[in-house]
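Topology and contacts: notes
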Amino acid sequence: MTRHLTRLHAYRGLLWNLALAEMKARHRQTALGMVWALVQPVSMMLVMTAVFSVFVKLPLENAPYALFAYIGVLTWLLFANTLSNGLSSIVANMNLVTKASFPREVIPLSKLVVGGFDFLVGLLLLVGLMVVFHVPFSTALLMVPAIVVIQILLIIGVLLFCSALYVLYRDIGALLPLVLQLGMLLSPVVYPVNAIPKEYQAIYMLNPMATLIEAYRSAILFAAVPALPSLVVAFVVALAVCGGGYQYFKSVERRFADVM
Amino acid sequence: MSCKQTSSDENVLEFDLVSKCYEPSASWVHSGFRHLLRGAKKAGSSIGTQEKPCLWAVRDLSFIIKRGEAVGIIGENGAGKSTILKLMAGIITPTTGRVLSRGRLVSLIELGAGFNPELSGRENIYLNGAVLGLSRKEIAEEFDRIVEFSGVGGSLDKPVKYYSSGMYARLGFAIASHAKADIVLTDEILTVGDIAFQRQCMQKFEEVKAQSSFVLVSHDHQLVRRICSRAIWIRKGIIQLDGSCDKVVDAYLEYVRQRRDDELKGRQPLGPTIGASRWGSGEIEIETVTTHDGNGNDRRVFRTGDGLIIRLRYYVKVPNRDPGFCVQIRTKDDCWVHGTNTFDDGIPIRVQLGRGVIELRYPSLSLLAGTYWLYAGVTSQNDWNAPYDLRVNVQQFDVVTAFPDGGMVRLEHCWNHVEADAGRPDPPIGLVAQHERKFS
């Protein structure tokens, strides 16, 4: 493991370069450029706000729904976009994999960097929205970086596992969009957790994304430090997922060039 | 085979009983194998036939490459050379055995493979450098030299998708060759680009060679001989011979000569060949043209310096006076190497009705490696516009060579070198022959 990490560290330059290359290539020849990073979360937020605070009223405890939904969407999109971009990334970079030697995890991880960049741009807008909606800036916000770390660990684990699996079983490519759609409905992106009946909440909260979105909301919207025990559990789980995913990735990595 | 287990720092690359098999292991047979098939576009293949015998690309390879060594890996197509290169580069991992490399390894294969077409040349230098494991600082230090070498200067900020394939390759080579590698792997990349760039590459090659260990995978034995000090001959995935470049290349050439000779002997000695044609009035016909060595044995493959006898069998149908014969040797791209005829050489020929034979003898063939074609003709009064019979590409022979010379023919030569001495006038021309090297 240490050996892998040392090697990965040696290739961090490649990680940034790949991410940078993708961002540059993506924003080149577009009129709006970086603004596109905001189009998806903002449009989703607007539609959700229309649907769930105008058409159907959701029970919300004194928080603006737009901001409430935006936090959910931002969190979910970091997860979902990174995963769907990263899934086929190794296969898409076949010419690199079959011709040069470097730790392969650099490729999917570069997608996480790209997703993380979009997330940061989204956070900037979030700060703007907080000002607009007069949400106070409290010390609980200091928890946000910790939650981000947990989420990143979780994403790394799932991303590495899925992208490695995809090289061997392309079936996942058909499965993932479905899983992500269902996952979004089963996570508190558009609705609050307390909309879930009490007896189901224990099972519901097994979804780590539910814990994360809840934690973000409590820190940002309600100025409350999220329940620490659940965060610690989430951290341990995320760390385990990350380690497991990385382990799996490294164990099948050697076959990549053969399969392609 | 050198299998010394001294793990010193001087060993930059170690192969320890390395084998590679291209069949998936049982644990992922049902997925991986199917994808192999799909990848190979074998439509309609039944997925039930997964259990196939293992296909060993290379077996039990053991060798050590030391710091500063230049090693050539030679062998025929499909011998496993590319697999070895990929194993060295760490692109594939051995099925059994161990590959160990120390230091930065750069392969000059598939130049520009990591380029992103949307990005500019400048951005791709950084990206490709990172693929090779260089830090941003290292690339920045070499940046100007890379740009200068590649000669893409004016287009540096254009997306590389607008580059010509030559520029693409030049930029790729420029980046890879400036990577300050400890080990450089390469194959026949010198065949890309124009002559000027190839010369530039060759020069850079020598420079890189001085700093790094060097592995050249090639079936161009001339190139191997020119660049490498040691050679490994791979045959059917195993090491046939490992040793000094001259020894191994000679052994390999002898093997190739034998094989090619057997192969050509198995063929019809005289038949319709590619590009063959024939015209003439037919009073005298050339029936067969055969090649023989100095001792009269049938031969189709010669070494530089061998004797060559070309024998023409002819058939006279109509009585005639003053006939004469000609023979030409041409390369496969129809470059005229040598031609002669009996008129110009002043050889009187008397023929009678019926069959006869005439021979042309080259006591020592000065041709270098290649495939050569023979023209043979017969006419009267040196009039080749209206021959009796003129046969183009009537016979073919190969030359293999142990000489490192480049070009088509080996011309006798020696080097004279007199050390410069200030204050003394230049020595007379042709004074000393210090560096004459005799080839057997």
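Residues numbered from 1 in each chain as written. Chains lettered and ligands numbered in written order. Predicted model: local features only at pLDDT ≥ 70, side-chain atom pairs only at ≥ 80, totals over all residues.

Here we take up the overall build of chain A. Across its full length, chain A carries 13 helices and 0 strands. Overall, chain A shows an N-to-C arrangement of helices and strands of α-α-α-α-α-α-α-α-α-α-α-α-α. By the compact-globule yardstick of 18 Å for 260 residues, chain A fits well, its C-alpha radius of gyration being 19 Å. By the burial criterion, 39% of the 260 residues in chain A qualify as buried. Considering only intrachain contacts with a sequence separation of at least 6, the fraction spanning at least 24 residues in chain A is 80%. (Helix = DSSP H or I, 4+ residues; strand = E, 2+ residues; numbered from the N terminus. Rg over C-alpha atoms; globule rule 2.2 N^0.38 Å. Buried ≥ 20, exposed ≤ 12 C-beta atoms within 10 Å, placed from the backbone. Contact = placed C-beta atoms within 7 Å.)

This brings us to the overall build of chain B. Each helix and strand in chain B was counted, giving 8 helices and 18 strands. Taken across its 440 residues, chain B has 35% of its residues classed as buried. In chain B, 73% of the contacts between residues at least 6 apart in sequence involve partners at least 24 apart.

A few words on the interface of chain A and chain B. Many descriptions give the size of an interface as the accessible area lost when the pieces come together. The partner chain B presents 26 residues to the 23 residues of chain A that form the contact. Counting only elements with at least two residues in the side of chain A that touches chain B, the list comes to α2 (12–27), α6 (94–97) and α13 (256–259) of chain A. When grouped by side-chain class, the residues that make up the side of chain A that touches chain B number 12 nonpolar, 5 polar and 6 charged. (Nonpolar A, V, L, I, M, F, W, Y, C, P; charged D, E, K, R; others polar.)

What follows deals with helix α3 (residues 121–131) of chain B. All names here are of chain B. Of all 11 residues in α3, 10 are buried, a share of seventy percent or more. By the burial criterion, the buried members of α3 are Gly121, Glu123, Asn124, Ile125, Tyr126, Leu127, Asn128, Gly129, Ala130 and Val131. Once α3 finishes, Gly133 follows within two positions and takes phi at roughly 95°, a positive value.

So, about the sheet that holds strand β4 (residues 96–101) of chain B. Residue and element names in this part refer to chain B. Reading across the sheet, the 3 strands line up as β2-β1-β4 and stay open at both edges, with antiparallel pairing between neighbours. Looking along the sheet, the strands with just one partner apiece sit at the ends: β2 (56–66) and β4. Within this sheet the neighbouring strands show an average axis-to-axis angle of 15°, counted without direction. Pairing between strand β1 (residues 11–21) and β2: 7 bridges, direction antiparallel. Across the sheet, Cys21 pairs through a bridge with Trp56, a residue of β2. (Pairing = 2+ DSSP bridges. Axes fitted to C-alpha atoms, helices over the stretch in contact; angles between N-to-C directions.)

Turning next to the environment of B:Ile65. Residue and element names in this part refer to chain B. Along the chain, the position of Ile65 falls in strand β2. Distance from Ile65 to Ser213, taken between C-alpha atoms, is 7.7 Å for residues 148 residues apart in sequence. For Ile65, the contacting residues outside a window of four places in its chain are Val12, Leu13, Val71, Ser213 and Val215.

Residues and elements named next belong to chain B. Across the sheet, which stays open at both edges, the 3 strands sit in the order β11-β13-β16 with antiparallel pairing between neighbours. Looking at strand neighbours, the two that pair on one side only are β11 (284–292) and β16 (354–362), the edges of this open sheet. Here the average twist between neighbouring strands, direction ignored, is 20°. Alignment of strand β13 (residues 308–316) against β16, held across 9 bridges, turns out to be antiparallel. Its bridge partner being in β16, Tyr314 is matched across the sheet by Gly356.

B:Leu185, B:Val215 and B:Ala231 are the most contacted members of the largest nonpolar core, which has 145 residues in total. No other element matches the 15 residues that helix α4 (residues 65–87) of chain A contributes to this core. Setting aside anything within four residues of it in sequence, one finds B:Val215 in contact with B:Ile65, B:Val71, B:Ile73, B:Met88, B:Ile183 and B:Leu185. Counting 25 residues, the second-largest nonpolar core is a separate cluster that includes B:Val289, B:Ile329, B:Leu367 and B:Ala376. (Core = buried A, V, L, I, M, F, W, Y, C linked by C-beta atoms within 7 Å.)

Take the confidence of the model for chain A next. The predicted model of chain A averages 90 in pLDDT, with 100% of residues at 70 or higher. Of all the helices and strands in chain A, α13(A) carries the lowest mean pLDDT, 80, while helix α8 (residues 144–168) of chain A carries the highest, 95. (pLDDT = per-residue confidence, 0-100.)

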